[in-house]
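Structure at a glance
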Amino acid sequence: MGADPDRFAANVFARMFAMKPTLRELFPAELSGLRRSFVDVVDHVLTSIAAPDGHSELIEFLAQLGRDHRKYGVVSEHYWLMYDALMSEFQQAFGSGWTDDVEETVGQAMLLTTGVMRGAAESAAEPAHWEARVVQKFSITRDRAVIRLIATGPTPVYAAGQYLETQIPQWPRTWRNLSPAIPSNENGELEFHVRAIPGGRVSRTIVSDTQVGDVWTFAQRHGTMHLDPAKPALLIAGGTGLAPLRSLLIDFAQYAQPAPVHLFYGAQYPGELYELGVLSQLARTNPWLTVTAVTEHPDDPWWLPDATDPRQWGLEMKYGRVGEVAVAYGDWSDRQVLIAGPAPMIFHTALHLRAAGVDPEAIQHDPLN
Ligand SMILES: Cc1cc2nc3c(=O)[nH]c(=O)nc-3n(C[C@H](O)[C@H](O)[C@H](O)COP(=O)(O)OP(=O)(O)OC[C@H]3O[C@@H](n4cnc5c(N)ncnc54)[C@H](O)[C@@H]3O)c2cc1C
Ligand code: HEM
């Protein structure tokens with residue numbers, strides 16, 4: 001790829017579009033971000049193949065990428081075009097250095113990349129995408145909403161704690177990850193808690209424009225967060241990060257006698273702790289669950305005028321940053337720990353936990369972006 005990876009990627013795409021012009025329609029207008037991630041993957045493949053181990057991780061990574069590509073409308077024949085485009089551009093980039101040996105090495109690597117992606121997409125057991133219709137939407141605060149949907153086809157399958165690639169009708173071809181707040185169920189019901197990020201395209205549209213009747217599209221499910229019922233657990237949720245943990249708790253409630261779970265649920269202001277009613281009910285009916293509510297500020301600001309006072313739920317309240325309050329609360333060294341929330345909150349909480357002696361292997365969270 002040489003000195004100019006961006007040009008390399010641009011040329012590969014240009015070669016592929018020249019072979020089949022309709023492929024351009026699968027892509028967004030702006031390709032600079034994609035060019036960067038595309039080159040990163042090609043680079044990662046060439047580096048990993050040369051390394052003595054780590055090949056099985058590489059294969060699993062490419063297989064996942066191939067399964068994920070189905071949602072873009074990519075089909076098997078496209079991978080052959082991509083292979084040809086890559087090989088022509090590598091030949092061009094290497095110039096006189098394009099020897100038989102180089103061709104053999106690069107050819108094997110690109111055949112592996114496109115082959116694994118194609119094979120995984122062809123053999124994927126789950127559908128490339130499925131749909132659900134919005135049946136209810138309500139606002140929690142000015143920048144948060146709960147959206148409930150029902151699948152229009154067969155019951156969706158995902159494990160509690162996983163997240164789903166999601167596309168809304170107002171933003172075609174734009175995918176965002178959202179975590180269901182309830183486990184999958186035979187009625188095909190789904191619930192999401194969405195916070196509008198300042199300047200955020202999809203999240204702001206969901207909170208302000210989503211209406212009953214909108215049809216959302218879902219693709220791959222991801223994520224490995226899970227709760228082992230035999231081990232005591234510490235759960236730390238910031239804001240709408242509660243969603244995957246809520247789903248896990250609801251799922252967990254079906255076990256006869258699970259180990260104790262302590263949930264710290266935090267927000268900036270008391271009026272943003274929108275789920276305390278549900279959580280206090282869950283804690284009342286499930287003695288293994290303890291809930292501590294945490295806010296950075298003791299009182300609500302003027303723009304949260306109608307918020308309910310969380311103290312009415314009879315739950316313990318603490319003040320500070322949720323991660324720091326949770327870590328300082330007790331000794332968690334025997335616990336499995338799950339953290340969900342904004343990326344900086346996850347990052348700092350994990351650091352504090354490690355400093356407090358929690359085994360890094362015991363800490364789970366979703367990818368930070
Ligand atoms: C595993 C996972 C699960 C998720 N689950 C949920 C969920 O259940 N509910 C939910 O509301 N969101 C969830 N998110 C976040 C969601 O996927 C989007 O990233 C978020 O809604 C922003 O998308 P957007 O299109 O509105 O913003 P964009 O238009 O993509 O971004 C606009 C600006 O905001 C910045 N930005 C993007 N994301 C964030 C962020 N999280 N915090 C602060 N700034 C940001 C960008 O850098 C950019 O500058 C999850 C993310 C991950 C990785
Ligand atoms: C060598 C094989 C390929 C690699 C390494 C690759 C890599 C990537 C990467 C890293 C992304 C970023 C998003 C994601 O992770 O899904 C992406 C997105 C995408 N790819 Fe590929 N890809 C390959 C083949 C193809 C082929 C053959 C097509 C179709 C002709 C294609 C079409 C797309 C589209 C449409 C997107 C989404 C762009 C967007 O909406 O931002 N890819 N690809």
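Every chain begins its residue count from 1, and numbering advances along the sequence as written. Chains and ligands are labelled by the order in which they are written, letters from A for the one and numbers from 1 for the other. With pLDDT at 70 or above as the cut-off, local features in this predicted model cover only qualifying residues; side-chain atom pairs require 80 or more to be listed or tallied, and sums for whole chains, interfaces and linings still use all residues. Just so you know, side-chain values use all the structure's heavy atoms and leave hydrogens and water out.

Take the domain arrangement of the protein next. A common way to state how big an interface is: give the accessible area lost once the parts meet. For each domain, the first and last residues come from an automatic or database assignment. The domain boundaries assigned to the protein delineate domain 1 (5-123), domain 2 (130-222) and domain 3 (233-364). Computed over C-alpha atoms only, the centres of domain 1 and domain 3 are separated by 42 Å.

Those places that UniProt annotates as "domain: FAD-binding FR-type" (unreviewed entry) correspond, in this numbering, to residues 127-228. The span residues 127-228 is 9% helical and 42% strand by assignment, and the distance between its end C-alpha atoms comes to 29 Å. UniProt positions are given in the numbering used here, feature names are shortened, and annotations may be inferred rather than shown by experiment. The numbering of helices and of strands both runs from the N terminus, where a helix is a DSSP run of H or I of at least 4 residues and a strand a run of E of at least 2.

Residues are classed as near a molecule or strand on a simple rule: at least one heavy atom within 4 Å of it. Arg176, Asn177, His193, Arg201 and Ser203 are the nearest of the 17 residues found near ligand 1. A distance of 3.0 Å separates an oxygen atom of ligand 1 from a polar atom in the backbone of serine 179. Think of a polar contact as two N or O atoms within 3.5 Å of one another; within protein, one of them needs to be a possible hydrogen donor and the other a possible acceptor, and neighboring residues in sequence only count if both atoms come from side chains. Separating an oxygen atom of ligand 1 from a side-chain N or O atom of serine 203 is a distance of 2.6 Å. In short, Shrake-Rupley with a 1.4 Å probe defines the accessible areas, and a residue's cover is counted only from the protein chains shown. Expressed as a share of its isolated accessible area of 920 Å², the protein-covered part of ligand 1 is 65%. Only strand 4 (176-178), strand 5 (189-195) and helix 6 (201-209) provide two or more residues apiece to the shell around ligand 1. In the shell around ligand 1, the residues fall into six nonpolar, seven polar and four charged. Under the scheme applied here, ten amino acids are nonpolar (Ala, Val, Leu, Ile, Met, Phe, Trp, Tyr, Cys and Pro), four are charged (Asp, Glu, Lys and Arg), and all others, including Gly, are polar.

Near ligand 2 there are 20 residues, and of these Leu26, Phe27, Leu34, His69 and Tyr72 occur at the shortest range. For ligand 2, a nitrogen atom lies 2.8 Å from a polar atom in the side chain of histidine 69. At 2.8 Å, a side-chain N or O of tyrosine 72 approaches an oxygen atom of ligand 2. Contributing elements (two or more residues each) for the shell around ligand 2: helix 2 (32-50), helix 3 (55-69), helix 4 (76-94) and helix 5 (100-123). Partitioned by chemical class, the residues of the shell around ligand 2 number 14 nonpolar, five polar and one charged.

Attention now moves to the environment of valine 12. As for its placement among the helices and strands, valine 12 is situated in helix 1 (residues 5-19). Categorising residues by exposure relies on relative accessible area from a 1.4 Å probe, with only protein chains included: less than 20% of the type maximum marks a residue as buried, more than 50% marks it as exposed, and the intermediate range marks it as partly exposed. Residue valine 12 is classed as buried on the basis of its relative accessible area of 0%. As for valine 12 and glycine 213, which are separated by 201 residues in sequence, their C-alpha atoms are 41 Å apart.

All right, on to the pairing of strand 11 (residues 336-340) then. When you tally the buried positions in strand 11, you get five out of five residues, the bulk of the element. The side-chain alternation of strand 11 yields two buried faces, one formed by Gln336, Leu338 and Ala340 and the other by Val337 and Ile339. The crossover handedness rule: strands pointing away from the viewer, path from first strand over the helix to second strand clockwise, crossover right-handed. Of the crossover connections in this fold, the one passing from strand 11 over helix 10 (residues 343-355) to the parallel strand 12 (residues 363-364) is right-handed.

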